[in-house]
Amino acid sequence: MDASCPTCSPIPNGPDVPRSLRDPSEREARRVCLSLAHVAPLASYAGRLRERGSVEVPEFDPLDGGTQAEALFLFEKPGPMTAAEGRGSRVGSGFISRDNDDPTAEAIFRFMVQAGIPRRRTLIWNTIPWWNGTRKIEREELQAGIRETFTLIGLLPRLKAIVLVGRRAEAVRPNLDASGLPVFVSAHPSPLVRASLPAVWDRIPEQWAQVHPHLTHEQAFR
């Protein structure tokens, strides 16, 4: 990582507590980091997606691995807290991040710790990479998301494994098998799953930990 960035370089594993992006100064610091070498190509990719118009595309979190990531965690679709206006009285971050100010992001933060997966080895994104005001996913939208996912994979030269998080993300597994990479699946860490299927919720860290044999043991991020 570039030592010129006070947020992205000295903190090898990110903040110690979840929901740090509720802080406006933290959001601004990460926006500054979007020009760093490991994330700039992904910021350009997200910028191109915004050219679709009428959709909001969040930024990648520069505290994650960026183009150096070895494990790609693909969730379903961005939620309102990834957009700048957020939801209700809560301001959104503009990032896809485990540090967002919502319960699903907090669960991702904690589950990654429990699974023992170094943050710098991961990249978090969505099968449908844009927010269009609804969680509903149309077939045409899903197909577009699959195409964009393969474009993203082409930007990740160190990628060794993919984790599809949630039932709707899992639906694209037959397509991603063509990538030649190991593909794993897990339940979604949403409050709904926690309330209705607590045993399934509890297994998520174990499911995510399946990527461990595919990660390098060297110190890849300096």
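Nothing here was measured: the structure is a model prediction, and the numbers come from that model.

Undergrad: I would appreciate a short explanation of the pattern of salt bridges in the present structure.
TA: Two side chains carrying opposite charge are able to pair once their charged atoms lie near each other. Tallied over the full model, the rule gives 19 salt bridges. In this structure, the salt-bridge partner of Arg-19 is Glu-106, at a minimum N-O distance of 2.7 Å. Of the two residues, Arg-19 is situated in the segment before α1 (24-32) and Glu-106 in helix α3 (residues 103-115); the sequence distance between them amounts to 87 residues. Overall, the relative accessible area of 18% leaves Arg-19 in the buried class. Its salt-bridge partner being Lys-160, residue Glu-70 comes within 3.7 Å of it at the nearest N-O pair. In this pair, Glu-70 sits in the loop between β1 (59-60) and β2 (71-75) while Lys-160 sits in the loop between α4 (139-153) and β5 (161-165), placing the two residues 90 residues apart along the sequence. Overall, Glu-70 belongs to the buried group, its relative accessible area being 0%. Ionic contacts of the salt-bridge type, sharing partners, join the residues Glu-26, Arg-30, Asp-61, Asp-64, Arg-98, Asp-99 and Arg-119 into one network.

Undergrad: So what exactly am I meant to see when it comes to the sheet that holds strand β6 (residues 183-186) here?
TA: Note on sheets: strands pair through backbone hydrogen bonds, and any given pair is parallel or antiparallel. With respect to topology, four strands assemble into an open sheet ordered β4-β2-β5-β6, the strand pairing being parallel. Strand pairing shows two members of the sheet lacking a second neighbour, β4 (122-126) and β6, which therefore form its edges. Put simply, the sheet's adjacent strands are angled 20 degrees from each other on average, direction ignored. With five bridges connecting them, β2 and β4 associate as parallel partners. Across the sheet, the residue bridging to Leu-72 is Leu-123, located in β4. Relative to β2, α4 is tilted by about 160 degrees, and along the sheet it contacts β2, β4 and β5.

Undergrad: What exactly am I supposed to notice about the nonpolar core here?
TA: In summary, soluble globular proteins display a tendency toward joint burial of nonpolar side chains. Residues Phe-60, Leu-72, Phe-73, Trp-125, Leu-152, Ile-162 and Trp-208 are the most contacted members of the largest nonpolar core, which totals 56 residues. If sequence neighbours within four positions are ignored, Ile-162 has contacts with Leu-72, Leu-74, Ile-153, Leu-176, Ser-179, Leu-181, Pro-182, Val-183 and Phe-184.

Undergrad: Please explain helix α2 (residues 40-49) as it appears in this structure.
TA: Residue pairs spaced three or four apart in an α-helix point in one direction, given the helix's 3.6 residues per turn. Of all the residues in α2, the buried ones are Leu-42, Ala-43, Tyr-45, Ala-46 and Leu-49. Considered in projection along α2, the buried side chains sweep an arc of 155 degrees and stay on one side of the axis. Those residues of α2 that are buried lie in contact with β1, β4 and α4.

Undergrad: Got a minute to help me understand α1 in this structure?
TA: Listed as buried for α1 are Glu-26, Arg-27, Ala-29 and Arg-30. Across the axial projection of α1, the buried residues extend over an arc of 160 degrees, all falling on one side. Residues of α1 that are exposed and point over 90 degrees away from its buried face: Pro-24 and Val-32. Tucked into the core, α1 has its buried residues touching β3 (95-96).

Quick notes on the rules
Residues numbered from 1 in each chain as written. Predicted model: local features only at pLDDT ≥ 70, side-chain atom pairs only at ≥ 80, totals over all residues. Heavy atoms only, no water. Salt bridge = Lys/Arg side-chain N within 4 Å of Asp/Glu carboxyl O. Helix = DSSP H or I, 4+ residues; strand = E, 2+ residues; numbered from the N terminus. Buried < 20%, exposed > 50% of the residue type's maximum accessible area, 1.4 Å probe, protein only. Pairing = 2+ DSSP bridges. Axes fitted to C-alpha atoms, helices over the stretch in contact; angles between N-to-C directions. Contact = heavy atoms within 4.5 Å. Core = buried A, V, L, I, M, F, W, Y, C linked by side-chain atoms within 4.5 Å. Arc of directions from axis to C-beta.

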